[in-house]
Amino acid sequence: MISANDLSRSELAALLAFHAEAGVEWLLEDAPVDRLAEFEAMRSGRAEYRAAPPASETAVGRQQSAPPANTSREPGTSRERRPAAPPAPLPAVAIPDEQAVREAQFVADAARSLGELRTAMEAFAGCNLRNSARNLVFAEGNATSGVMIIGPMPYGDDDRDGRPFAGRHGEMLERMLSGIGLSRENVLLANAVPWRPPGNRVPSAREADICRPFIERQIALAEPKQLLLLGNFTARFFFGTGETIHQMRGDWRELTIGSTRIPTVATLHPQDLIAAPINKRFAWLDLLAFKSRIG
């Protein structure tokens, strides 16, 4: 069996990239950790950091508390052969807190153009999602069109290409738009969360809160006259409800960004149409209503 010690640096990097693509975020530990309880505590504000298992409960702690092993001399030398030092315990993982949200808000408010905002977001280190993502996926298209379309977060193709709605999702979106006389070149495309979560998982509540100032600033700078939201996560992100996309779709609502109220409607994401083609009929009705609204 090949171990990590047998791999070169490039092979280790490729292996880590593979695990990141598959959604692996945690290393195995000696003591089990209840991640669900940890997440619930984080959401309720009862925990700011993931507590590492007490040293006495870990293999490292057991080795440190055990009596030192006997040493022996290496054959043919006067040097003593000492047992290998135990590995250092992994540090506790900091969970993003309100400080990161405030920093994101400050960075977003300071940007006076979409170009400045993109540069600031590329330098922002307060969101853990950027550590596993290949690229920042920023708004793309015609910022003066008056029409902005927002998806949930980048998927694998988007992360690879560094642009929203790439690959199969982009092809499906282009078909959706062409049916009502639009194209990706004459609208502004963006994502609520600009970095791809590992394994395409849904962003956590904290990750969404940190990223919120960035997408709201993109909207404020572009000043769209209408917004089209795609998918369940995006609609819940902006409307702040627990309804499903099938309950929210086609229902025009007023979204307030700063002091501006923007007519907004939600419909199904291209992935929903790919996974279940029967959804195309619902998306088509929503798109026709959107077309009549934008004239």
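Definitions and cut-offs
- Residues numbered from 1 in each chain as written.
- Predicted model: local features only at pLDDT ≥ 70, side-chain atom pairs only at ≥ 80, totals over all residues.
- Heavy atoms only, no water.
- Axes fitted to C-alpha atoms, helices over the stretch in contact; angles between N-to-C directions.
- Helix = DSSP H or I, 4+ residues; strand = E, 2+ residues; numbered from the N terminus.
- Parallel < 35°, antiparallel > 145°, perpendicular 65-115°, else oblique.
- Left-handed = near helix turned anticlockwise from the far one by under 90°.
- Contact = heavy atoms within 4.5 Å.
- Nonpolar A, V, L, I, M, F, W, Y, C, P; charged D, E, K, R; others polar.
- Expected span 1.5 Å × (residues − 1).
- Buried < 20%, exposed > 50% of the residue type's maximum accessible area, 1.4 Å probe, protein only.
- Arc of directions from axis to C-beta.
- Phe/Tyr/Trp six-rings, centres within 6.5 Å; stacked < 30°, edge-to-face > 60°.
- Lys NZ or Arg CZ within 6 Å of the ring centre and 35° of its normal.

Draft legend 1. Focus on the packing of helix 5 (residues 114-123) against helix 8 (residues 205-222). Two elements in contact, helix 5 and helix 8, have axes separated by 10 Å at closest approach and are oriented at 165°. In terms of their interaxial angle, helix 5 and helix 8 are classed as roughly antiparallel. Crossing of helix 5 over helix 8 shows left-handed handedness. Touching Leu114, Leu117 and Met121 of helix 5 are Phe214, Arg217, Gln218 and Leu221, all from helix 8. Split by residue class, the contact of helix 5 with helix 8 holds five nonpolar, one polar and one charged.

Draft legend 2. Looking closely at helix 7 (residues 167-178). Here helix 7 spans 17 Å end to end across twelve residues, near enough to the 16 Å set by a 1.5 Å rise per residue. Within helix 7, the full set of buried residues consists of His169, Gly170, Met172, Leu173, Met176 and Leu177. An end-on view of helix 7 places all buried positions within 165° of arc, on one side of the element. Among the exposed residues of helix 7, those oriented more than 90 degrees off its buried face are Arg168 and Arg175. The inward-facing, buried residues of helix 7 contact strand 4 (147-151), strand 5 (188-191), strand 6 (226-230), helix 11 (270-275) and helix 12 (280-294).

Draft legend 3. Main features of the packing of aromatic side chains. Within the structure shown, the criterion is met by five aromatic pairs. Taking the centre distance of 5.9 Å and the plane angle of 40° together, the rings of Phe233 and Phe237 count as tilted. On the criterion of helical spacing, the pair formed by Phe233 and Phe237 is a turn pair, its members being four residues apart in helix 9 (residues 232-239). We classify Phe237 as buried; its relative accessible area is 5%. Between Trp252 and Phe290 the ring centres are 5.9 Å apart and the planes differ by 5°, which places this aromatic pair in the stacked class. Taken together, the residues span a long stretch of sequence, with Trp252 in the loop between helix 10 (245-248) and strand 7 (253-257) and Phe290 in helix 12 at a distance of 38 residues. Residue Phe290 is classed as buried on the basis of its relative accessible area of 0%. Site record: aromatic cluster; members linked through ring pairs are Phe124, Trp195 and Phe214. The side chain of Arg212 reaches across the aromatic face of Phe237, ending 4.0 Å from its centre. A cation over an aromatic ring shows up here: Arg293 above the ring of Trp252, its NZ or CZ 4.5 Å from the ring centre.

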